[in-house]
Amino acid sequence: MLILVCVPCSDAGEKSKSPDSEKSQQLWKQIAPYFTPAEEFKGDLGNYQSPLKFYDGRPVKTPEDWQARRQEILKTWHQKMGAWPPVYEHPKVEYLKQVEREGLIQYTVRFDIAPGHPNTGYLLIPAGAKPDHSRPAVLVVYYEPETGVGLKGENRDFALQLAKRGFVTFSVGHDYSLYYPNREQAEIQPLSALAYGAANAFHVLANRKEVDPDRIGIVGHSYGGKWAMFASCLYDKFACAAWSDGGIVFDESRPSVNYWEPWYLGYEGPDFRKRGLPTKENPRTGLYKELIKEGHDLHELHALMAPRPFLVSGGAEDQPKQWRALNHTIAVNRFLGYENRVAMTNREKHAPNPQSNEQMYQFFEYWLMPDQSQSD
């Protein structure tokens, strides 16, 4: 077993570029408002502990200090959640089926999402994609892979819609959660195990000849939003990310922001607590109990994204008040010399809709397409 310690990818964190195409300028015009906090929350840091202070209270004063602080956050969370096995950088991929649909080639593929855990997903390749490593790609995560490719549900077909826009996409699912090595004796908190699985899925994409491995993003909704958030924060080979209404911080006033559940961060053995909000009769368990006691929150993980861009596609669970947490990552980016790396959109309901999806797709087009413009 190992603790994965990474530093930000240089390509993902490249300083701002001048717009190099009319399309880039138009895209930036569309998405620029998402990077500005709601007026009432500008500069509001809430009650969160600053990521720009070490756990012992020392301030981060230099970029070198930030790298040390970043390693401290990574090491601490991996130690608490359980160390990952080595990531499969050259995973074995079985191609089970090939069909053509809507101008795309869809492959049904099997790979190990974790050692001893085979998983089947759908890989979508746009027609005309060349084996020259020029295409951006996006990993889509959810309960099962059919939703992402438009075979189930509504307004959740992220992989299909992004593939139609020229991305190579990989739709991966895992029902309920991932217990490694098994549910009876899981060595990793399940949400971190899912993040590890996404890291392995990343390399399924990265090893495709059509794909530029430096331009791979990740997106998920709800359960998939939590999964995508942990994956992108903990595995910095993801160039950018979009998290759709998964609940970006701990919030025991919202039953669906349920990190306390044993299939996320509350695992402490095969005998699960009764489902529902923590109460005196049904208390917190596992790592979640420890994190709350010690004053940790998920904004610490968000800070690991800097300077990589991310979008919170907020709905009922991620409302504008969450800018208080996001402002901390804005502060980290500014400390490092970056602007416009943290974005949030908001809708009334939990479910994605055509408008919120279009916002996400434009975000990925801007940051990952070859003629992208990273305007500051």
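Residues numbered from 1 in each chain as written. Predicted model: local features only at pLDDT ≥ 70, side-chain atom pairs only at ≥ 80, totals over all residues. Heavy atoms only, no water.

Participant: If you had to explain the nonpolar core to someone new, which residues and values would you point to?
Facilitator: Ranked by size, the top nonpolar core spans 87 residues in total, and within it Leu139, Phe170, Phe230, Trp243, Tyr259 and Leu265 carry the most contacts. If you tally residues by element for this core, the top one is helix 5 (residues 190-206), at twelve residues. With sequence-adjacent residues up to four places away left out, Phe230 is seen in contact with Met81, Leu191, Ala195, Tyr259, Leu265, Leu298 and Leu301. Grouped together as the second largest cluster of nonpolar side chains are 31 residues, Ile31, Val138, Phe158 and Tyr366 included. (Core = buried A, V, L, I, M, F, W, Y, C linked by side-chain atoms within 4.5 Å. Buried < 20%, exposed > 50% of the residue type's maximum accessible area, 1.4 Å probe, protein only. Helix = DSSP H or I, 4+ residues; strand = E, 2+ residues; numbered from the N terminus. Contact = heavy atoms within 4.5 Å.)

Participant: Let's hear about the pattern of salt bridges: which residues, and what values?
Facilitator: This model, assessed by the stated rule, comprises 20 salt bridges. Of the charged contacts in the structure, one is a salt bridge between Glu39 and Lys42, with a shortest N-O distance of 3.2 Å. Looking at Glu39, the relative accessible area reads 62%, which means it is exposed. A relative accessible area of 43% places Lys42 in the partly exposed class. A salt bridge links Glu358 to Arg165; the shortest N-O distance between them is 2.5 Å. Here Glu358 is found in helix 10 (residues 354-368), whereas its partner Arg165 is found in the loop between helix 4 (158-164) and strand 5 (168-173), with 193 residues between them in sequence. (Salt bridge = Lys/Arg side-chain N within 4 Å of Asp/Glu carboxyl O.)

Participant: Account for the side chain of His296, with residues named and values stated.
Facilitator: When you line up the elements, His296 lands in the loop between helix 7 (286-294) and helix 8 (299-303). Every residue in contact with His296, bar those within four places of it in the chain, is listed here: Tyr55, Thr76, Trp77, Lys80, Phe250 and Leu291.

Participant: Tell me about the sheet that holds strand 2 (residues 104-114), and please be specific about residues and values.
Facilitator: Ordered by their spatial adjacency, nine strands build an open sheet running 1-2-3-5-4-6-7-8-9, and the pairing between neighbours is mixed. Edge strands, defined here as strands with exactly one partner in the open sheet, are strand 1 (94-101) and strand 9 (342-346). Across the sheet, the mean angle separating the axes of adjacent strands is 20° when strand polarity is ignored. Across ten bridges, the pairing between strand 2 and strand 3 (residues 117-126) is antiparallel. Counterpart to Gln106 in the pairing with strand 3 is Leu124. Sheet strands in contact with helix 6 (residues 223-234) are strand 2, strand 4 (135-142), strand 5, strand 6 (211-221) and strand 7 (240-244), and its direction is about 145° off that of strand 6. Set on the sheet, helix 9 (residues 323-336) makes contact with strand 8 (310-314) and strand 9; between it and strand 9 the angle comes to about 155°. (Pairing = 2+ DSSP bridges. Axes fitted to C-alpha atoms, helices over the stretch in contact; angles between N-to-C directions.)

Participant: Outline the packing of aromatic side chains, listing residues and values.
Facilitator: As enumerated under the stated definition, the model contains 26 aromatic pairs in all. Relative to Tyr264, the ring of Tyr223 lies with its centre 6.3 Å away and its plane at 40°, an arrangement referred to as tilted. Pair noted here: Tyr223 is in helix 6 and Tyr264 is in the loop between strand 7 and helix 7, with a separation of 41 residues, a long-range link. Residue Tyr223 is classed as buried on the basis of its relative accessible area of 2%. Residue Tyr264 is classed as buried on the basis of its relative accessible area of 4%. The lysine or arginine in question, Arg69, covers the ring of Tyr55, its NZ or CZ lying 4.2 Å from the ring centre. If you follow Arg183 out to its NZ or CZ, it ends over the ring of Phe272, 3.9 Å from the centre. (Phe/Tyr/Trp six-rings, centres within 6.5 Å; stacked < 30°, edge-to-face > 60°. Lys NZ or Arg CZ within 6 Å of the ring centre and 35° of its normal.)

Shape descriptors only; they carry no functional weight alone.
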